[in-house]
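The residues making up each chain are set out below.
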Amino acid sequence: MKETNCIELNELDEYLKKNLKPSRYRHSMGVVKMAVSLAEIYGANREKARRAAMAHDIAKCLTLEESNRLVRYYGLPFKYLGNPAIAHSKLGVQILQSEFHWRDEEVLSAVSYHTTGKAAMTLLEEIIYVSDAIEEGRDYEDAPRLRRLAAENLDEACREVLEFSIDSLKSQGRKIDSDTIEAYTYIKNKIQDSKEN
């Protein structure tokens, strides 16, 4: 099994090097490093974290035309047409299933929701979602603080990343995906409940 995983990851690595821009490939490797680190802290499966992190942006560098063609080809919902920023995570799952024959639903779901988040994320989903936002290549002002916070309280870091994402989309006048709203409401209530109990 381990050998198969190793072969799979080598094939995936070659695919990423060929299909991603160098900066996007570096980002993906940064997410791997962060996700494995958080998996160790919180007791998640390190190999699943490595695989999901490595694969999360597999469809990120598609052109708008390619993205729309694949959305139609795979029969994804209409809302992903003309919206590669969100479509890439759903298309990534399709590519992983069709090209690499990945079947691990937990890993595929972490890839699927790494952009929007969703209500009641699993530990792995939350790790990938947060790692994408705080890997060491991210150099926005709050990144170092959020990296420290993620190592101490993953839920709080996740809430802040979701809040930042919502505020950012609002300020740009862009539509906020319903999964992101539901993710934020869920995590906020989860944190509140844990403080009260």
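Residues numbered from 1 in each chain as written. Predicted model: local features only at pLDDT ≥ 70, side-chain atom pairs only at ≥ 80, totals over all residues. Heavy atoms only, no water.

**Topic: the overall build of the protein chain**
Alright, step 1. A tally of helices and strands in the protein chain yields 10 helices and zero strands.
Alright, step 2. For the protein chain, the sequential pattern of α-helices and β-strands runs α-α-α-α-α-α-α-α-α-α.
Alright, step 3. Expected size for 197 residues packed as a compact globule is a radius of gyration near 16 Å; at 16 Å, the protein chain falls within 12% of this value.
Alright, step 4. Principal-axis analysis of the C-alpha atoms places the extent of the protein chain at approximately 45 × 40 × 30 Å.
Alright, step 5. Counting every position in the protein chain, which comprises 197 residues, the buried fraction comes to 47%.
Alright, step 6. Taking as baseline every contact in the protein chain between residues at least 6 positions apart, the subset at least 24 positions apart corresponds to 61%.
Alright, step 7. If you sum the accessible surface of the protein chain, you get close to 10500 Å²; carbon and sulfur atoms cover 49% of it.
Alright, step 8. If the 29 positive side-chain charges of the protein chain are averaged to one point and the 33 negative ones to another, these points end up 3 Å apart. (Helix = DSSP H or I, 4+ residues; strand = E, 2+ residues; numbered from the N terminus. Rg over C-alpha atoms; globule rule 2.2 N^0.38 Å. Buried < 20%, exposed > 50% of the residue type's maximum accessible area, 1.4 Å probe, protein only. Contact = heavy atoms within 4.5 Å. Areas by Shrake-Rupley, 256 points an atom, 1.4 Å probe, with all protein chains shown as cover. Lys, Arg positive; Asp, Glu negative; His and termini not counted. Charge placed at Lys NZ, Arg CZ, Asp CG, Glu CD.)

**Observations concerning the environment of Ser 178**
Alright, step 1. Along the chain, the position of Ser 178 falls in helix α10 (residues 178-196).
Alright, step 2. Taking the C-alpha atoms as reference, Ser 178 lies 28 Å from Gly 137; in sequence the two are 41 residues apart.

**Brief notes about unusual backbone geometry**
Alright, step 1. Although it is not a glycine, His 101 sits at a positive phi angle of roughly 60°.
Alright, step 2. Its place among the elements puts His 101 in the loop between α5 (84-98) and α6 (105-112).
Alright, step 3. We classify His 101 as exposed; its relative accessible area is 52%.
Alright, step 4. Residue Ala 120 is not a glycine yet carries a positive backbone phi of 55°.
Alright, step 5. Its location among the elements puts Ala 120 in the loop between α6 and α7 (123-134).

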